[in-house]
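# Structural features, examined
Okay, here's what each chain looks like letter by letter:
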There are 4 protein chains.
Amino acid sequence: MKIGFIGLGHMGLPMAGNLLKAGHQVCAFDLNADALRAARDAGAQTTRSPREAAMGAPFVITMLPAAPHVRTALTGDDGVLAGLDNGAMVIDSSTIDPASAQALGALVRERGGAFVDAPVSGGTGGAAAGTLTFMVGGSNADFERARSVLASMGKNLVHCGPNGMGQVAKLCNNLILGISMAGVAEAMSLGVALGIDPQVLASIVNTSTGRCWSSDTCNPYPGIIATAPAARGYTGGFGADLMLKDLGLASDAARQAHQPVYLGALAQQLYQALSSRGDGQLDFSAVIRLYSQSATKPAS
Amino acid sequence: MKIGFIGLGHMGLPMAGNLLKAGHQVCAFDLNADALRAARDAGAQTTRSPREAAMGAPFVITMLPAAPHVRTALTGDDGVLAGLDNGAMVIDSSTIDPASAQALGALVRERGGAFVDAPVSGGTGGAAAGTLTFMVGGSNADFERARSVLASMGKNLVHCGPNGMGQVAKLCNNLILGISMAGVAEAMSLGVALGIDPQVLASIVNTSTGRCWSSDTCNPYPGIIATAPAARGYTGGFGADLMLKDLGLASDAARQAHQPVYLGALAQQLYQALSSRGDGQLDFSAVIRLYSQSATKPAS
Amino acid sequence: MKIGFIGLGHMGLPMAGNLLKAGHQVCAFDLNADALRAARDAGAQTTRSPREAAMGAPFVITMLPAAPHVRTALTGDDGVLAGLDNGAMVIDSSTIDPASAQALGALVRERGGAFVDAPVSGGTGGAAAGTLTFMVGGSNADFERARSVLASMGKNLVHCGPNGMGQVAKLCNNLILGISMAGVAEAMSLGVALGIDPQVLASIVNTSTGRCWSSDTCNPYPGIIATAPAARGYTGGFGADLMLKDLGLASDAARQAHQPVYLGALAQQLYQALSSRGDGQLDFSAVIRLYSQSATKPAS
Amino acid sequence: MKIGFIGLGHMGLPMAGNLLKAGHQVCAFDLNADALRAARDAGAQTTRSPREAAMGAPFVITMLPAAPHVRTALTGDDGVLAGLDNGAMVIDSSTIDPASAQALGALVRERGGAFVDAPVSGGTGGAAAGTLTFMVGGSNADFERARSVLASMGKNLVHCGPNGMGQVAKLCNNLILGISMAGVAEAMSLGVALGIDPQVLASIVNTSTGRCWSSDTCNPYPGIIATAPAARGYTGGFGADLMLKDLGLASDAARQAHQPVYLGALAQQLYQALSSRGDGQLDFSAVIRLYSQSATKPAS
């Protein structure tokens, strides 16, 4: 099947690769020439515009940094909507605000197409391995239809409700994640300052009411979990700057919904502080560096 | 075996009951006459002072509201230390600050006794069923020695390190718990305000990186977890005022250790706000009432 | 002198009125027909587009709700830039983010015009009385040139630096304001709960290191300052929703600048909570209602 | 007149010196031999206990670090109450929690004495110059009676209400102060990051609604106020650790009063973070170091 693919960055390129492996024909576009070349090397057909990538394809996937990029890719003069076949489906896997996802869905439908928002979790590792989770917002029929394509790139396909709800699910999950990680960092640092063995503390928390992914799978204290980013200098996980972006989306959505997010807003400032000291590229569990200097810094 | 027991409140009375069921002789004391009577009805021998309760007993257990009560019960004129047999062990199951636990341990040892701090989790339900978790701070030998007695009252006996570390483990766990519960309340309320089905949102979080006890076992949104306090008007769980007490201990300990607890201090204020509106007796998951008024209040 | 004026709301209409009183010819535009009619009644000439309002005018003033409105008013097909005389000056008195102000300034200069950002403080009262403060971002020459026009509408004209710095000054001032108001609300409520007379407390603070505009001029506790909104049910001041907008601009700018704003982000959530309970139209000092219920609510 | 004086630290010694200059006879006590010697050198009569210092004196002043010290100095075996003349007055100028002040007042009255709490502001500079502000809690008659003595040590004598209200006034003022200083630090740092000249920003804030003592008198940004601690490396002002102590008293009092102090609790954590990086001895305006690294650090 012919699939248009717009956005060939760290996530998009391996995702497109998995579509190729599954036997699809991928018509790729990116503003960056190097990214385009990499896609061509991987077996994709490259195009000169989102419009050209979309022409004749029953599915077009967008994987872009933020809402303005998606809007431009879809509605620009040479955009997807200018080339989209009647009845074709746009799958936006970018992480953007729910209101934009809903507005873009309406635009696509006006043009006779179908739209699902399908942001992912799982990171670049999951993108390469084809084990991403897709959180999908769209009608039941559209979810079923997208499933065949998404299954080539991911393992868990979750239907979250109508358009926009994929984005809502992602930002609400990451709101809890950003808060609980900073909370675990706070408690591990406090416990160690008070004299407890960090391994003992983690094992108690992990079998008690404090247990959470941020403690039992990605504990920020070095040496607790052998496979966690904390064990390798906070490299290779979910970047603090990406968490910062998602908490920004959550607090913006909260502002529009007139909902307070006290802890989320404060957690956002903590990742901001981490970013402003130059650690934004590290895994977000490096937020523990704001609390306990000695144990979590590389020897210099 | 003869066991002294000081403090026969909501927790202490059923704990003493389980010691009696296990065949121990319990010498009980409480300042409250009704509590003493209830202990007598349950089969305990009642006494007129902590000193009298301690005399001739190889173990003395204290289960009291706060550090000053424990200090008075141990060191008062008619206190435990005035009657403690040489070599007998004091087990303090109250939740108090680690520094006080360490200071009391030193006092008991000076008097020729042994001391472990052994705060519990599991609530009044666990106390009645004998399924409490004990977080124990003391030497290896003292932990082994306490085990025989604790096993009559609890299911999980965890050795956390030397004196004080039982308290450290408890307050660090509850610091994470208080933060993550408020975080889940924030995210569930935001998600619902943005239009997602709360059941769908919870199921996504619970299989993703946001998963935590506060979401998968005690979700604060009504109707998500049938056995959670949220399903019964926030009654019968871990009271918000108790969470407030524990967060107060954590922030006090953080102050002494010169460790910031940004999120913990803010979470403490949220439970404070809940308490100040008269909801301090409700389960702490009622903190969601600060975020979403409509779904979580009883119809009036 | 002929002056184009775009945006005739609660602020824009009385500002345009003061230009008329000063003898200027005002060519007004607003999307709302009622607003246009009111401007005509006040003596303005009304137009059918921003373009038409701008034609032949050496100055064009925009006073609009948010950055997208200003962008559309300037760059739309029928926008100001389509009609702007060569060398004419655009004065944007809207409160928007500094980056947008700088981008719009560049666009105007590309088209041969001049641009200053000139957000105001002083509210609708100051707009009517012609006593607004203008915080102006632009070159020295442009500031001098704008002065003649601004002086008809305001009392204090402050040059804050190049384009964008008027907006920076406003959002930084209001960041402090939003924080200090909530801080005063917190302290007054705490003091009263601890038993002190609020009038005594305020008089001490106002002559001590806690003194600030939020305490000595606009104290949120009712009855302290006879002329403050708190004395009249929190009506008629600076609306909480406007403070929320400005704190939103500040935290967005902080995000882009990678600067943490811990207290600002938390204060934003407090005004959000005030807004979500339906009090967003009240003066922002009503934030004290989040702290002390009894004294600050109307009897029901 | 004979005056007992307990506590001869950085504040107490110069205060006692001013009493001597005013012609009083000072009977001084301190646990520290060096402090006692300094008092003797200044002309005081030294004693071997608080009891001895109090004997025969119509006034006894205590100036001690925290509530437990005051309690011991008054109620210990060799304490003030053991030697206090019938009808003599105890003036406690220590900064302690209001509840302890009230409890100590009751104890003194039981013993036939009078008590006022009279915490100070003005720092060591004010103590030396005799220009302290005293915030006094006690009856009208006791305030009048204390006035004669306090006037030798301070310039402003403020009657705040009955016992405890001096402490309430001080902690509420410092709650606002701690919040507004961090708020100004946040806004100045943000403004500079966004490109505004800090001198321009400060002058705008200081004539606008953001004006406050923390901006116009003690601005934390270096170079704005020539006489502020920021101009001399944050030395010689009100130490961050003292602000931390006062915010701790405020949040403890808030806990007891069931009042949330959202911003106060967060500000407390910020000063905690400042202290934990070793800057607790600096003026509290050094909190700006948490926000803007470059401008506020000494070149290394």
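Residues numbered from 1 in each chain as written. Chains lettered and ligands numbered in written order. Predicted model: local features only at pLDDT ≥ 70, side-chain atom pairs only at ≥ 80, totals over all residues.

## Some points on the overall build of chain A
Definition in use: A run of DSSP states H or I qualifies as a helix once it reaches four residues; a run of E qualifies as a strand once it reaches two. Both are numbered from the N-terminal end. Radius of gyration here is computed from C-alpha atoms only, and the compact-globule reference equals 2.2 Å multiplied by the residue count raised to the power 0.38.
Counting its secondary structure elements, chain A contains 14 helices and nine strands. The C-alpha atoms of chain A give a radius of gyration of 20 Å, which matches the 19 Å a tight globule of 300 residues would have. If you line up chain A on its principal axes, its C-alpha atoms span 65 × 45 × 35 Å.

## Concerning the interface of chain C and chain A
Note the cut-off: Contact between two residues is assigned when their C-beta atoms, built from the backbone, lie within 7 Å. Side-chain classes follow a simple rule in which Ala, Val, Leu, Ile, Met, Phe, Trp, Tyr, Cys and Pro form the nonpolar group, Asp, Glu, Lys and Arg form the charged group, and the remainder, Gly included, forms the polar group.
Contacts between chain C and chain A engage 15 residues on the former and 15 residues on the latter. Secondary-structure elements contributing two or more residues to the side of chain C that touches chain A are α12 (240–256) and α13 (262–279) of chain C. A breakdown of the residues in the side of chain C that touches chain A according to their chemical character gives six nonpolar, eight polar and one charged.

## Observations concerning the domain arrangement of chain A
Residues and elements named next belong to chain A. The condition that has to hold: How far each domain reaches was decided by an automatic or database domain assignment.
One can read the domain layout of chain A as domain 1 (2–162) and domain 2 (168–296). Measuring from the centre of the C-alpha atoms in domain 1 to the corresponding centre in domain 2 gives 30 Å. Grouping the amino acids of the side of domain 1 that touches domain 2 by side-chain chemistry returns five nonpolar, three polar and one charged.

## Here we look at the relation of the copies chain A and chain B
What connects the two chain copies is a rotation about an axis and a shift along it. Under the convention used in this document: In this comparison the copies share one frame, found by least squares on the C-alpha atoms of residues holding pLDDT of at least 70 in both.
Expressed as a screw operation, the relation of chain A to chain B combines 0.0 Å of axial shift with a rotation of 180°, fitting to an RMSD of 0.0 Å. The relationship between the two copies is best expressed as a two-fold rotation axis. When C-alpha distances to the rotation axis are compared across chain A, the minimum falls at Cys212 of chain A, with a value of 2.0 Å. Most of the interface of chain A is mirrored in chain B, where 100% of its interface residues again form contacts.

## Quick word on helix α1 (residues 12–21) of chain B
All names here are of chain B. Defined as follows: Burial is judged by counting other C-beta atoms within 10 Å of a residue's own C-beta: 20 or more means buried, 12 or fewer means exposed, and anything between counts as partly exposed, with every C-beta placed from the backbone.
Counting buried positions along α1 yields eight of ten residues, so the element is predominantly enclosed. Listing the buried residues of α1 in full gives Gly12, Leu13, Pro14, Met15, Ala16, Gly17, Asn18 and Leu19. The positive-phi residue at the C-terminal boundary of α1 is Gly23, with phi of around 95°.

## Description of the interface of chain A and chain B
With 56 residues of chain A at the contact, the number on the chain B side is 56 residues. When residues of the side of chain A that touches chain B are traced back to their parent elements, those giving at least two are β8 (132–137), β9 (154–161), α9 (165–193), α10 (198–206), α11 (213–216), α12 (240–257) and α13 (262–279) of chain A. A per-element tally of the side of chain A that touches chain B places α9 of chain A first, with 19 residues. Broken down by class, the residue content of the side of chain A that touches chain B amounts to 37 nonpolar, 16 polar and three charged.

## Remarks on the packing of helix α9 (residues 165–193) of chain D against helix α13 (residues 262–279) of chain D
Residues and elements named next belong to chain D. The criterion, for reference: To get an axis, a line is fitted to the C-alpha atoms, and for a helix only the part in contact is used. The angle between two axes follows their N-to-C directions and goes from 0 to 180 degrees. An angle below 35 degrees is read as roughly parallel, one above 145 as roughly antiparallel, one from 65 to 115 as roughly perpendicular, and any other as oblique. For a crossing to be left-handed, the near helix must be turned anticlockwise from the far one by less than a right angle; the clockwise case is right-handed.
Between α9 and α13, the least distance of the axes is 9 Å, while the angle of their chain directions is 65°. The orientation of α9 with respect to α13, classified from their angle, is roughly perpendicular. Judged by the twist between their axes, the crossing of α9 over α13 is left-handed. Contacts between α9 and α13 pair Leu175, Gly178, Ile179 and Ala182 from the former with Leu263, Gly264, Ala267, Leu270 and Tyr271 from the latter. Each residue belonging to the contact of α9 with α13 can be placed in one class, and the counts come to seven nonpolar, two polar and no charged.

## Quick look at the pairing of strand β5 (residues 89–92) of chain C
All names here are of chain C. Condition: Strands are labelled as partners when DSSP assigns at least two bridges between them. By convention, orient the strands away from the viewer: a clockwise path from the first strand over the helix to the second makes the crossover right-handed.
Where burial is concerned, the two faces of β5 agree: the one with Met89 and Ile91 and the one with Val90 and Asp92 are both buried. Here four bridges tie strand β4 (residues 59–62) to β5, and the two strands are oriented parallel to one another. What sits directly across from Val60, in β5, is Val90. Two elements, β5 and strand β6 (residues 114–117), share four bridges in a ladder whose sense is parallel. Counted as the bridge partner of Asp92 is Asp117 from β6. As a crossover connection, the stretch from β5 through helix α6 (residues 98–110) into β6 is right-handed.

## Some words on the arrangement of the chains
Chain C makes no contact with chain B, the minimum C-alpha separation between the two being 8 Å. Separated in space, chain A and chain D share no contact, their closest pair of C-alpha atoms being 8 Å apart.

## With respect to the confidence of the model for chain A
Residue and element names in this part refer to chain A. The test is simple: Confidence of the predictor at the level of single residues is given by pLDDT, which spans 0 to 100.
Looking at chain A, the pLDDT average stands at 95 and 97% of residues meet or exceed 70. Under a pLDDT of 50 for its full length, residues 294–300 has, in the predicted model, seven contacts with residues more than four places off or in other chains. In the model output, the complex is listed with pTM 0.93 alongside ipTM 0.94.

## Some thoughts on the environment of Pro119 of chain B
Residue and element names in this part refer to chain B. If you trace the backbone, Pro119 turns up in the loop between β6 (114–117) and β7 (120–121). On the basis of neighbour count, Pro119 is assigned to the buried category, with 26 C-beta atoms found within 10 Å. When the C-alpha positions of Pro119 and Gly9 are compared, they lie 15 Å apart, and in sequence the two are 110 residues distant. Aside from chain neighbours lying at most four places away, what touches Pro119 is Ser93, Ser94, Thr95, Met135, Gly166, Gln167 and Lys170.

## Looking at the environment of Gly4 of chain A
Residue and element names in this part refer to chain A. Mapped onto the secondary structure, Gly4 falls in strand β1 (residues 2–6). Owing to 30 C-beta atoms within 10 Å, Gly4 belongs among the buried residues under this scheme. Gly4 sits 25 residues away from Phe29 along the chain, and the two C-alpha atoms are 8.0 Å apart. Excluding its chain neighbours within four sequence positions, the residues that come into contact with Gly4 are Cys27, Ala53, Ala54, Ala57, Val60 and Ile61.

## A closer look at helix α10 (residues 198–206) of chain C
Counted only if it meets this: This arc is taken over the directions from the axis of the helix to the C-beta atoms.
All of the buried residues along α10 of chain C are Leu201, Ala202, Ile204 and Val205 of chain C. Angularly, the buried residues of α10 of chain C cover 165° about the axis, an arc narrow enough to put them on a single face. Looking at the buried residues of α10 of chain C, the elements they touch are α9 (165–193) and α11 (213–216) of chain C together with β8 (132–137), β9 (154–161) and α9 of chain D.

## Quick notes on unusual backbone geometry
All names here are of chain B. Located in the positive-phi region is His258, a residue other than glycine, with phi close to 55°. Tracing the sequence through the fold places His258 in the loop between α12 (240–257) and α13 (262–279). With 17 C-beta atoms counted inside 10 Å, the residue His258 sits in the partly exposed group.

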